[in-house]
Amino acid sequence: MSLSEQASPLRARGQGAWRAFYNRYAPMIIGMAKRRGLSDGRAHVVLQETMTAVFRKYCDAQQFDDGSEEFRKWLMGIVRNKIADRRKSVARAPLELTIDLPRTDDLSEDEERTWRVYVLGEGLDQLATEPGFEPTTLQAFHLYAVQDMEAREVAKLLGMTRNAVFVAKCKVIRRLREIVAERREREGER
Amino acid sequence: MSCPDQTTIDDWVCGDLSPEQDANEETHFLSCGRCAKRFDRLTGGEEIIADIRELERERDEYASALSRISETGQTLSETLFGAI
C-alpha cells in the first residue's frame, strides 16, 4: 500500500471532522462579521481565514473543537482579529468608518451574547432530535413564546388544549436551560 | 388529584422532580386550568426567548451571506485537504 493510500482514511476522517466543525460554526462567524458591518463578500473572507487558521492549528489532532472555554476564547479572538483586518482594508475607502476593536483575551459583551445565542441554536437543533419533544411541542413553544401568539389560537391551530401549550413552553425552556448549563459545565471542566 | 402546592410547581418548572413525579404533575397540569396558568407565569425564560428571536432575526437578515456557506465550505475543504 502506498503512503498516499495509507493516508487516505486518515484524511477522510479529518475532512469529516473539519466539515462538521465548519457547519457548526460558520453561521456564527458570518453573523459576527455582518454585525460588524462587513459586506457578504468580506464576511466570507473572514470565514475562510478563520477556518484556515483552525485547520492549521488542529489538523494534526483531527479534533477541531474540544468544547473548552479556552477554545471558545481562542476562536472568538481569531474571528475578532480577522474582522479587524478586513475593516482596516475597508478603511482605505473614504466613506467607511473604522473602530478599534479590543485585543484582549476576554470576550466582549457582544461576543458573549453571540456565543450564548449560538449555543441556544445548537440546543434547539438538539431538542428537535430528542425523544419526548414532539414536533407539535416545539411548534407550540415557537408560536406561543417566540411569536407571541395567543395560547388559545395556538391550541386551535395545532389541535391541542391550551394547557398543553403552556406545558410545551415550560418543557422547552426548562430543557434549553439544562442544555446551556451542561454546555457551560463541560467548558469549565476542560 | 388535588392541585400541587407552590413548591411542587416551582420544582416542576425547574425540572427538579423525579421522573415519576414529573410525569404525574404534567398529567395534572394538562387538565387543570388553574395550575397551568400558575406555572405559566413562573416559567420565565424571557432571556432565552429574546435570544431565540435574535437568532431568527439574524438568520433572516443575513440570509444572502448564509446561503453561500455550503459553497464556501466545499471549496475550502478541497483546498485545505488537497494540500495534505
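Residues numbered from 1 in each chain as written. Chains lettered and ligands numbered in written order. Predicted model: local features only at pLDDT ≥ 70, side-chain atom pairs only at ≥ 80, totals over all residues.

Draft legend 1. Just the overall build of chain B, in detail. Check the secondary structure of chain B and you find 6 helices and 0 strands. In chain B, the succession of α and β elements from N to C terminus is α-α-α-α-α-α. Since a compact globule built from 84 residues should have a radius of gyration of about 12 Å, the 23 Å found for chain B marks it as more spread out than a globular shape. (Helix = DSSP H or I, 4+ residues; strand = E, 2+ residues; numbered from the N terminus. Rg over C-alpha atoms; globule rule 2.2 N^0.38 Å.)

Draft legend 2. View of the overall build of chain A. When helices and strands are counted, chain A shows 7 helices and 0 strands. Put simply, chain A runs from its N terminus to its C terminus through helices and strands in the order α-α-α-α-α-α-α. Scored against the burial criterion, the 190 residues of chain A give a buried share of 31%. Considering only contacts within chain A whose residues lie at least 6 apart along the sequence, 63% involve residues at least 24 apart. (Buried ≥ 20, exposed ≤ 12 C-beta atoms within 10 Å, placed from the backbone. Contact = placed C-beta atoms within 7 Å.)

Draft legend 3. Representation of the interface of chain A and chain B within the structure. In this complex, chain A contributes 35 residues to the contact, which on the side of chain B involves 33 residues. For the side of chain A that touches chain B, the secondary structure elements donating two or more residues are α1 (3-35), α2 (40-58), α4 (109-129), α5 (135-146) and α7 (162-189) of chain A.

Draft legend 4. Examining the domain arrangement of chain B more closely. Once the domains are mapped, chain B shows domain 1 (1-44) and domain 2 (45-84). Once you take the C-alpha centre of each, domain 1 of chain B and domain 2 of chain B turn out to be 38 Å apart. (Domains from an automatic or database assignment.)

Draft legend 5. Representation of the environment of A:E134. With respect to the helices, strands and loops of the structure, A:E134 is situated in the loop between α4 and α5. Between the C-alpha atom of A:E134 and that of A:K34, which follows or precedes it by 100 residues, the distance is 34 Å.

Draft legend 6. Up close: the domain arrangement of chain A. Residue and element names in this part refer to chain A. Considered domain by domain, chain A is made up of domain 1 (1-103) and domain 2 (108-190). Taken together, the contact between domain 1 and domain 2 spans 10 residues of the former and 9 residues of the latter. Secondary structure elements with two or more residues in the side of domain 1 that touches domain 2: α1 and α3 (69-91). Taken together, the residues that form the side of domain 1 that touches domain 2 break down as 4 nonpolar, 3 polar and 3 charged. (Nonpolar A, V, L, I, M, F, W, Y, C, P; charged D, E, K, R; others polar.)

Draft legend 7. View of unusual backbone geometry. One non-glycine residue, A:D148, lies in positive phi territory at about 60 degrees. For A:D148, the location among the structural elements is in the loop between α5 and α6 (151-158).

Draft legend 8. Examining the confidence of the model for chain B more closely. Residues and elements named next belong to chain B. Of the residues in chain B, 98% reach a pLDDT of 70 or more, and the chain-wide mean stands at 85. The lowest-confidence element of chain B is helix α3 (residues 33-43), averaging 76 in pLDDT; the highest-confidence one is helix α4 (residues 46-61), averaging 90. Scored by ipTM, the complex comes to 0.76, with pTM at 0.74. (pLDDT = per-residue confidence, 0-100.)

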